Amino acid sequence: MIANPPCRGVAQNDAAWSFAAGPSRLPDAVLARASETLFRRDAHGAAAIERPFTGDHFREALADAQTRLIRLLQVPEHYRVLFLAGGAMHQFAAVPMNLLDPAAGLGRAAYADSGYWSRRAMQEARRHANVTVAARHAGSTALAAPSLSGWHLPHDAAYCHITANETVDGVAYPALPDTGEVPLVADATSCILSAPLDIAKFGLVYASAQKNIGPAGLTIVIVREDLLQRPATAAPSPLHYGIQAAQGSCVNTPPTLAILIAGLVFEWIEQCGGLTAMGEVNRRKAASLYRTIDASNGFYIAPVAPGHRSITNARFHLANHTLTDHFLDEAERAGLAHLRGHPHVGGLRASLYNAMPEAGVDALIRFMTQFARRYG
Ligand SMILES: *Cc1c(COP(=O)(O)O)cnc(C)c1O
């Protein structure tokens, strides 16, 4: 048990906060528990991270992590949960390799374009599949996810892929599109576990761990059982969903350290009240930051349309771009790190995953208010 998880965060005098998009902060309680329990040798001469993945000890830890994740997300019975090595980009290739089934008339992949990561996913899919762009945001002024109606889904679409939360652009879908019989596949890397997610709406959800789950190296795949029937002849065994499901995610050595820490994170989320409680805190954090930006008389600008703004990756910039480097220097000195936007879009970005307590967001808001007062 993690005693008294500081879910709300405590104001520490020496506090420094990392707003990195990934790898990102881990909860303080998890970091402390990991150092106590994973790296110390027991009476049998092995630390948790030194145990073989085929042994009972690791198998039990994996099963425990899986059970907790299923409970948190209320994963329905007809889904399988896989703990795979690699990142979300491995899934950019694995999804078409596993789900296309030209012999059954499913020879095409549909992708919605909502920003940077959906385009990267599409680009990778084109190496394996004929790709149709199902939807894209018709560019007005503010950034937004594609409209939820009028999607183009070809009759031979094996699946339709969305990026549920665009980490770089700071764009999130306000609701899910209705893709009918075509299985909806989501890259949920930067929003999984930030709020409840209705798994039953998806054919498949994947997320690499280093944003909101744990350390890098692990990717979670939640897949509806009927999709495991597709032949996937070209998929290498470690990325073959059916083979991994049949072998309990242990076709080869899984990322054991990342899985052990993910298990601690799941336990911490349960102790914080589960995903409903997480969602409330996360919405509150994002709302107070966006409120500060919108109330700054144009000193700070959030370019994403309200209603499409990510609660985990808040993107903004200074109206006076020449102050950006100065803002970042001063923020760093005030203990607020990694606020630079992705090089692809520039500006600023604050990633507010589960492990960022409200105290960290409050510190950022105080700094931003003072900075605007001095330079506005
Ligand atoms: C970070 C990120 C990726 C890339 O993940 P890797 O694990 O580095 O391959 C893909 N999609 C989204 C939405 C991301 O946030």
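Structure first, text after, so check above.
Conventions and cut-offs
Residues numbered from 1 in each chain as written. Predicted model: local features only at pLDDT ≥ 70, side-chain atom pairs only at ≥ 80, totals over all residues. Heavy atoms only, no water. Near = heavy atom within 4 Å. Polar contact = N/O pair within 3.5 Å; in protein donor to acceptor, adjacent residues only side chain to side chain. Areas by Shrake-Rupley, 256 points an atom, 1.4 Å probe, with all protein chains shown as cover. Helix = DSSP H or I, 4+ residues; strand = E, 2+ residues; numbered from the N terminus. Nonpolar A, V, L, I, M, F, W, Y, C, P; charged D, E, K, R; others polar. Buried < 20%, exposed > 50% of the residue type's maximum accessible area, 1.4 Å probe, protein only. Contact = heavy atoms within 4.5 Å. Salt bridge = Lys/Arg side-chain N within 4 Å of Asp/Glu carboxyl O. Phe/Tyr/Trp six-rings, centres within 6.5 Å; stacked < 30°, edge-to-face > 60°. Disulfide = S-S within 2.5 Å. Axes fitted to C-alpha atoms, helices over the stretch in contact; angles between N-to-C directions. Parallel < 35°, antiparallel > 145°, perpendicular 65-115°, else oblique.

Notes on the site of the ligand
Part 1 of the reasoning: Surrounding the ligand, one finds 14 residues, the nearest of these being M89, T167, D187, S208 and K211.
Part 2 of the reasoning: In the model, a nitrogen atom of the ligand is placed 2.6 Å from a nitrogen or oxygen of the D187 side chain.
Part 3 of the reasoning: K211 places a polar side-chain atom, nitrogen or oxygen, 2.6 Å from an oxygen atom of the ligand.
Part 4 of the reasoning: Bound to the protein, the ligand loses 87% of the 390 Å² it would expose on its own.
Part 5 of the reasoning: Sort the elements by how many residues they give to the shell around the ligand and helix α3 (residues 88–99) lands first, with three residues.
Part 6 of the reasoning: Its residues placed into classes, the shell around the ligand shows four nonpolar, eight polar and two charged.

Details of the environment of M356
Part 1 of the reasoning: Structurally, the position occupied by M356 is in the loop between β14 (348–351) and α9 (358–375).
Part 2 of the reasoning: On the accessibility criterion, M356 (2% relative accessible area) is buried.
Part 3 of the reasoning: Separated by 328 residues in the primary sequence, M356 and D28 have C-alpha atoms spaced 9.5 Å apart.
Part 4 of the reasoning: In this view, M356 contacts W17, S18, F19, R25, K285 and V361; residues no more than four positions away in its chain are not counted.

Thoughts on the pattern of salt bridges
Part 1 of the reasoning: This model, assessed by the stated rule, comprises 17 salt bridges.
Part 2 of the reasoning: In this structure, R51 engages D42 in a salt bridge whose closest nitrogen and oxygen atoms are separated by 2.5 Å.
Part 3 of the reasoning: With a closest N to O distance of 2.7 Å, R224 and D226 form a salt bridge.

A word on the side chain of T292
Part 1 of the reasoning: Positionally, T292 belongs in helix α7 (residues 274–294).
Part 2 of the reasoning: Looking at T292, the relative accessible area reads 16%, which means it is buried.
Part 3 of the reasoning: Beyond its immediate sequence surroundings of up to four residues, T292 is in contact with I365 and T369.

A short note on unusual backbone geometry
Part 1 of the reasoning: The omega angle of the peptide bond from G22 to P23 is -10°, so this bond is cis rather than trans.
Part 2 of the reasoning: As for its position among the elements, P23 is in the loop between β1 (17–18) and α1 (28–37).
Part 3 of the reasoning: Phi angles above zero are rare outside glycine, and Q74 is one such case at about 50°.
Part 4 of the reasoning: Mapped onto the fold, Q74 is located in the loop between α2 (56–73) and β2 (79–85).

Some details on the packing of aromatic side chains
Part 1 of the reasoning: Under the defined criterion, the tally for this structure stands at 13 aromatic pairs.
Part 2 of the reasoning: Here F371 and Y375 contribute two aromatic rings whose centre-to-centre distance is 4.6 Å and whose plane-to-plane angle is 35°, an arrangement assigned as tilted. Highlighted residues: F371 and Y375, both in helix α9, separated by four residues, approximately one helical turn.
Part 3 of the reasoning: Residue class for F371 comes out buried when judged on its relative accessible area of 0%.
Part 4 of the reasoning: Among the aromatic side chains, those forming a connected cluster through ring pairs are F299, Y300, F316, F327, F367, F371 and Y375.

Quick word on the state of the cysteines
Part 1 of the reasoning: Counted according to the given criterion, the structure contains zero disulfides.
Part 2 of the reasoning: The thiol sulfur of C191 is not disulfide-bonded, and the nearest other cysteine sulfur, from C160, lies at 16 Å.

Some points on the packing of α7 against α9
Part 1 of the reasoning: At their nearest, the axes of α7 and α9 sit 10 Å apart, and the two run at 0° to each other. By the angle class used here, α7 and α9 are roughly parallel. In this structure, α7 contributes V281, R284, K285, S288, L289, T292 and I293 to the contact, and α9 contributes E358, V361, L364, I365, M368 and T369.
Part 2 of the reasoning: Classifying every residue of the contact of α7 with α9 by side-chain character gives seven nonpolar, three polar and three charged.

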